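Residues per chain, in single letters:
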Amino acid sequence: MVIDDDLYEDEALEETYTPRGLLSRWAQRDAESDLNEDTDDTLVRPLDPLESDLEESPTVTREINQRLLPVLIAQETGHRIRLPDEGKLTLGSLNPFSGASPDVDLTLDDRRHRSVAAFHAQIIARDGEYYIEDLRSVSGSWLNDERLLPRTLRKLTLGDEVRLGGCTLHLQRAPSSWQQSQLRYSLYATATGQRFPLPCQEQIIIGRADRNADFTPDIDLAEAGEAALLVSRRHAAIYCEGDALSIIDLGSTNRTKVDGVLVSTETPLPLSPGQHIWLGGFGLVVDVDEGDVGADSA
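The structure presented is a predicted model; accordingly, all values stated were derived computationally and were not measured.

Draft legend 1. Quick peek at the sheet that holds strand S6 (residues 129-134). Strand order in the open sheet formed by five strands is S4-S3-S5-S6-S9, with mixed pairing between adjacent strands. Of all strands in the sheet, those bounded by a partner on one side alone are strand S4 (104-105) and strand S9 (154-156). As judged from the two bridges shared by strand S3 (residues 87-92) and S4, these two strands associate in the parallel manner. Bridging across to S4, Gly-92 finds its partner in Asp-105.

Okay, here's the thing in structure tokens:
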């Protein structure tokens, strides 16, 4: 992982950079993990046992799927996670110092226990069916109170309860409101719980404000503090046309992903509610505001 070049005025400052606060805790956890072989697997992305069967299609050319796919909803925060129509989705906690970048960040959902590994479990979608697999996590994964055997697929059905360490999620049908017209979108920060309104305009730039350059993006993640340290000043842009959203990377230092898929600097990638945007180590979820937003719609 590369610290964003925007952070430094000269090379000397970059060489003397010392992580503090949130980033220091991430670095300390990495050091502790290196001393314990049992936790090494949480910092190395595992191979998918079904990799050959689940090769991802060219996502940049696919249309937004309008079906009401299942979502996982975090019990404590209401964080809604859209499951893919095909392929896999890795659940874990972001750790920029280790290079760990799960598709879905559960940092805030697990804030009481801090028990979710960098790569804790993954959801696999295949032929309209969904499966969950524990990725040899130390704190374990449960399906309806039954602990999962590592690297063993278990089928999911609506109404199931999934527990990853101390983080509890429920599998439900995506809300029908996600299919209505004139949606009011927002972006939900998975590490801090902040919500950023997403106005429907031709281009919405996401990044960090720079007072020296007299620049402020449409969505300023500088307010997120150290959690957004790896976000570039002009990191990505979201386009809104009607109710259709798409995203493009603006040549950021640490890249942009959507549900684990790298975003191009040339071709916009379609976005749907419940999908997760990864900005070099900072996670945002595309969500839909439904009147008074409560815990069940965060």
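Draft legend 2. Region of interest: the nonpolar core. Formed by 33 residues in total, the largest nonpolar core has its most connected members in Leu-187, Leu-221, Ile-238, Ile-247, Ile-277, Phe-282 and Leu-284. Every element with two or more residues in this core is listed here: strand S1 (70-74), strand S12 (185-189), strand S14 (204-207), strand S16 (236-241), strand S17 (244-249), strand S20 (269-271), strand S21 (276-279) and strand S22 (283-288). In this structure, Leu-221 is in contact with Phe-196, Ile-206, Gly-207, Arg-208, Ala-228, Val-231, Leu-279, Phe-282 and Leu-284, ignoring residues within four places of it in sequence. Ranked by size, the runner-up nonpolar core spans 23 residues in total, among them Ala-74, Leu-106, Val-116 and Val-162.

Draft legend 3. How the structure looks around the sheet that holds strand S19 (residues 261-262). Strands sit in the order S13-S12-S22-S21-S18-S19 across an open sheet of six strands; the sheet is antiparallel. Edge positions in the sheet fall to strand S13 (195-197) and S19, since each of these pairs with one other strand and no more. As defined by bridge partners, strand S18 (residues 256-258) adjoins S19 across two bridges and the pair is classed as antiparallel. The residue of S19 that forms the bridge with Lys-257 is Leu-262.

Draft legend 4. Just the pattern of salt bridges, in detail. Taken as a whole, this structure holds nine salt bridges when the rule is applied. Between Glu-133 and Arg-151 there is a salt bridge, and its shortest N-O distance comes to 3.3 Å. Placement of the pair is Glu-133 in strand S6 and Arg-151 in the loop between strand S8 (146-147) and S9, with a sequence separation of 18 residues. Looking at Arg-151, the relative accessible area reads 21%, which means it is partly exposed.

Draft legend 5. Broad picture of the environment of Asp-85. Positionally, Asp-85 belongs in the loop between strand S2 (80-82) and S3. Separated by 16 residues in sequence, Asp-85 and Leu-69 place their C-alpha atoms 7.2 Å apart.

Draft legend 6. The arrangement of the environment of Leu-69 in detail. Relative to the elements of secondary structure, Leu-69 occurs in the loop between helix H2 (21-34) and S1. Note: C-alpha distance between Leu-69 and Gln-172 (103 residues apart in sequence) is 8.9 Å. Leaving out residues up to four positions away in the same chain, Leu-69 has contacts with Arg-82, Leu-83, Pro-84, Asp-85, Tyr-130, Arg-173 and Ala-174.

Draft legend 7. Summary view of the state of the cysteines. Under the defined criterion, the tally for this structure stands at one disulfide. Each sulfur of the disulfide joining Cys-200 and Cys-240 lies 1.9 Å from the other. Judged by the torsion about the S-S bond (-85°), the Cys-200/Cys-240 disulfide is left-handed. Pair noted here: Cys-200 is in the loop between S13 and S14 and Cys-240 is in strand S16, with a separation of 40 residues, a long-range link. Under the relative-accessibility criterion, Cys-240 is labelled buried at 12%.

Draft legend 8. The arrangement of the pairing of strand S5 (residues 121-126) in detail. Of all six residues that make up S5, five are buried, and the element is covered over most of its length. Pairing of S3 with S5, which is carried by five bridges, proceeds in the antiparallel orientation. Residue pairing for S5: Thr-90 is matched across the bridge by Gln-122. Looking at chain direction, S5 and S6 are connected through six bridges and run antiparallel. Bridged to Ala-121 within S6 is Asp-134.

Analysis parameters
- Residues numbered from 1 in each chain as written.
- Predicted model: local features only at pLDDT ≥ 70, side-chain atom pairs only at ≥ 80, totals over all residues.
- Heavy atoms only, no water.
- Pairing = 2+ DSSP bridges.
- Helix = DSSP H or I, 4+ residues; strand = E, 2+ residues; numbered from the N terminus.
- Core = buried A, V, L, I, M, F, W, Y, C linked by side-chain atoms within 4.5 Å.
- Buried < 20%, exposed > 50% of the residue type's maximum accessible area, 1.4 Å probe, protein only.
- Contact = heavy atoms within 4.5 Å.
- Salt bridge = Lys/Arg side-chain N within 4 Å of Asp/Glu carboxyl O.
- Disulfide = S-S within 2.5 Å.

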